[in-house]
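Breakdown of the fold
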Amino acid sequence: QVQLVESGGGLVQAGGSLSLSCAASESIFSMSDMGWYRQAPGKQREMVATISAGGTTDYADSVKGRFTISRDNAKNAVSLQMNSLKPEDTAVYYCKARRGVYHYWGQGTQVTVSS
């Protein structure tokens, strides 16, 4: 069972930046995809950004040009750099890893952007 632990959330003013990190309990080299998802109150969980084993990235339209996902296999970690944050980015952010048919989720970290 892979464990994922997110960190780096917090409160920031609109226009500010935050960097989220996700540490895995074992090597992520074999993970096919890793990504960040978010869930705002009263809304469904949505994809924010994903990165494949080969480094191909995908972003939600709402965060393109503002967020950057990166993956460090040597450190068993994936990060999300968030710039130009908006109040609508407020949500609990979750790290996800996929290995074959298995999906693993972290517990989430709260990001709050004040206007």
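Provided above is the structure to which this section pertains.
Residues numbered from 1 in each chain as written. Predicted model: local features only at pLDDT ≥ 70, side-chain atom pairs only at ≥ 80, totals over all residues. Heavy atoms only, no water.

A few points about the nonpolar core
Within soluble globular proteins, side chains that are nonpolar generally end up buried alongside one another. Core analysis: the largest hydrophobic core is formed by 31 residues, its most contacted members being Leu4, Met34, Trp36, Leu80, Met82 and Tyr93. Listing elements by their share of this core, those giving two or more residues are strand 3 (18–24), strand 4 (33–39), strand 5 (46–52), strand 7 (67–72), strand 8 (77–82), strand 9 (91–99) and strand 11 (109–114). Those residues within four positions of Met82 in sequence are excluded, and the remaining contacts are Gly16, Ser17, Leu18, Leu20, Arg66, Phe67, Tyr93 and Val111. (Core = buried A, V, L, I, M, F, W, Y, C linked by side-chain atoms within 4.5 Å. Buried < 20%, exposed > 50% of the residue type's maximum accessible area, 1.4 Å probe, protein only. Helix = DSSP H or I, 4+ residues; strand = E, 2+ residues; numbered from the N terminus. Contact = heavy atoms within 4.5 Å.)

Considering the state of the cysteines
What the rule picks out here adds up to 1 disulfide. Residue pairing for Cys22: its cysteine sulfur links by disulfide to Cys95, the two sulfurs lying 2.1 Å apart. On the sign convention where negative is left-handed, the bridge of Cys22 and Cys95, at about -80° about the S-S bond, is left-handed. In this pair, Cys22 is assigned in strand 3 and Cys95 in strand 9, connecting sequence segments 73 residues apart. The buried category is assigned to Cys22, whose relative accessible area is 1%. (Disulfide = S-S within 2.5 Å.)

Some thoughts on the packing of aromatic side chains
What the rule picks out here adds up to 2 aromatic pairs. With centroids separated by 5.1 Å and ring planes inclined at 70°, the aromatic side chains of Tyr37 and Trp105 adopt a geometry described as edge-to-face. In this pair, Tyr37 sits in strand 4 while Trp105 sits in strand 10 (residues 102–105), placing the two residues 68 residues apart along the sequence. Taking the relative accessible area as the measure of exposure, Trp105 reaches 34% and is therefore partly exposed. (Phe/Tyr/Trp six-rings, centres within 6.5 Å; stacked < 30°, edge-to-face > 60°.)

Things to note about the sheet that holds strand 1 (residues 4–7)
Strand order in this open sheet of 4 strands is 1-3-8-7, and the pairing throughout is antiparallel. For this open sheet the edge positions go to strand 1 and strand 7, each flanked by a neighbour on one side alone. Direction aside, neighbouring strands of the sheet carry axes that sit 15° apart on average. Pairing of strand 1 with strand 3 involves 4 bridges; the strand directions are antiparallel. Residue pairing for strand 3: Val5 is matched across the bridge by Ala23. (Pairing = 2+ DSSP bridges. Axes fitted to C-alpha atoms, helices over the stretch in contact; angles between N-to-C directions.)

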